[in-house]
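Topology and contacts: notes
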Amino acid sequence: MQPIIQTKNLCKSFGDAPVLSDVNLDIFAGEIFGVIGRSGAGKSTLARCFNLLERPTSGEIFFGGTELTSLKPAELYKARQSMGMIFQQFNLLMQRNVLDNVCFPLEIAGVKRADARKRAAELLDVVGLADKAKAYPAKLSGGQKQRVAIARAIAPNPKVLLCDEATSALDPETTDEILELLADINKRFGITIVIITHEMRVIETLCTRVAVISGNKLTVEEVARNG
């Protein structure tokens, strides 16, 4: 089976400081894959290498069988549209209401306004925020903000959703709700999900395999699921 994300001999350094060394990794379509390590281990750097927000110092990154580092800017932009991303700090547009936040990536992609708003409304229903469409981010809880961020990230129908410490700012109960939502999205839409976290509980709840980063190296293990 062809991996949807694959790295070959990936290395990343910042100046003289190596962060990732000789990373070889296969992530398969439809799975929920975890990446775990201590703070500063290189987890987020690896995630940002997947979509070339960080370019590797050496090595190759494949997405859907296409090697990304060789792509022209327009080709890379198109590939990135198939990789949604959510973050610890939500990164919502504070001057836009919830519906318009979800519409934003569709506007950039040139989707007609009526179609974008219909898609956004459907996704707000999926994430349980249909009644918050006209609310602004400042009026939302942390969990609600992350639900908006998830809806926005999957609005363009990506093949992969990268979750970079997406539950780190949330309390345990809200974390469980977000993990349940991510599991539902994975099952409902078939989106491959990559979870970047320092919390083993998150991995055990959601993932089937996990890459452990330690000392610039990466090892892949099966996960004994708790739920």
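This one's a predicted model, so the numbers in the text were calculated from it and none came from an experiment.

1. A closer look at the sheet that holds strand β2 (residues 17-27)
Taken in spatial order, the four strands of this open sheet run β2-β1-β4-β5, and their pairing is antiparallel. On the outer flanks of this sheet lie β2 and β5 (66-67), each paired with one strand and no other. Pairing of strand β1 (residues 5-14) with β2, which is carried by seven bridges, proceeds in the antiparallel orientation. Paired with Ile-5 across the bridge in β2 is Ile-27.

2. Quick word on the sheet that holds strand β10 (residues 217-222)
Taken together, six strands build an open sheet; the order of strands is β6-β7-β8-β3-β9-β10 and the sheet is mixed. The outermost strands of the open sheet, each flanked by one partner alone, are β6 (83-87) and β10. Mean inter-strand twist for the sheet, computed between neighbouring axes without regard to direction, equals 20°. In the sheet, β6 pairs with strand β7 (residues 160-164) via five bridges, with the strands oriented parallel. Among the inter-strand pairings, Phe-87 is bridged to a residue of β7, identified as Asp-164. Its contacts with the sheet put helix α6 (residues 172-189) on β3 (32-36), β7 and β8 (192-197), and the angle it makes with β8 is roughly 155°.

3. Examining helix α3 (residues 98-108)
Within α3, burial applies to Val-98, Leu-99, Asn-101, Val-102, Cys-103, Pro-105 and Leu-106. The backbone nitrogen of Leu-99 lies 3.2 Å from a side-chain oxygen of the residue at the head of α3, namely Asn-97. At the exit of α3 stands Gly-110, carrying a positive phi of roughly 85°.

4. Things to note about the side chain of Arg-119
By secondary structure assignment, the location of Arg-119 is in helix α4 (residues 113-126). The side chain of Arg-119 is buried and forms no salt bridge, while Glu-122, the nearest opposite charge, is found at 4.7 Å. Beyond its immediate chain neighbours, meaning those up to four positions away, Arg-119 contacts Leu-106, Ile-154, Ala-155 and Asn-157.

5. Remarks on the environment of Thr-45
Structurally, the position occupied by Thr-45 is in helix α1 (residues 43-50). When the C-alpha positions of Thr-45 and Val-19 are compared, they lie 8.0 Å apart, and in sequence the two are 26 residues distant. What Thr-45 contacts, discounting residues up to four positions off in sequence, is Lys-12, Phe-14, Val-19, Leu-20 and Glu-54.

6. A word on unusual backbone geometry
Despite not being glycine, Leu-52 shows a phi value in the positive range, around 65°. Mapped onto the elements of the fold, Leu-52 is located in the loop between α1 and β4 (58-63). Exposure remark for Leu-52: the relative accessible area of 3% places this residue in the buried category. Of note in the backbone geometry, Asn-91 takes a positive phi value of approximately 60° without being a glycine.

7. A short note on the packing of α3 against helix α5 (residues 142-154)
Look at α3 against α5: their axes get within 7 Å of each other, and the N-to-C directions meet at 30°. In terms of orientation, α3 lies roughly parallel with respect to α5. For the pair α3 and α5, the crossing hand works out as right-handed. On the side of α3, the interface is formed by Val-98, Asn-101, Val-102 and Pro-105, while α5 contributes Val-148, Ala-151 and Arg-152. For the contact of α3 with α5, a count of residues per class yields five nonpolar, one polar and one charged.

Calculation criteria
Residues numbered from 1 in each chain as written. Predicted model: local features only at pLDDT ≥ 70, side-chain atom pairs only at ≥ 80, totals over all residues. Heavy atoms only, no water. Pairing = 2+ DSSP bridges. Helix = DSSP H or I, 4+ residues; strand = E, 2+ residues; numbered from the N terminus. Axes fitted to C-alpha atoms, helices over the stretch in contact; angles between N-to-C directions. Contact = heavy atoms within 4.5 Å. Buried < 20%, exposed > 50% of the residue type's maximum accessible area, 1.4 Å probe, protein only. Polar contact = N/O pair within 3.5 Å; in protein donor to acceptor, adjacent residues only side chain to side chain. Lys, Arg positive; Asp, Glu negative; His and termini not counted. Salt bridge = Lys/Arg side-chain N within 4 Å of Asp/Glu carboxyl O. Parallel < 35°, antiparallel > 145°, perpendicular 65-115°, else oblique. Left-handed = near helix turned anticlockwise from the far one by under 90°. Nonpolar A, V, L, I, M, F, W, Y, C, P; charged D, E, K, R; others polar.

So far we have only geometry, and geometry alone does not tell us how the molecule works.
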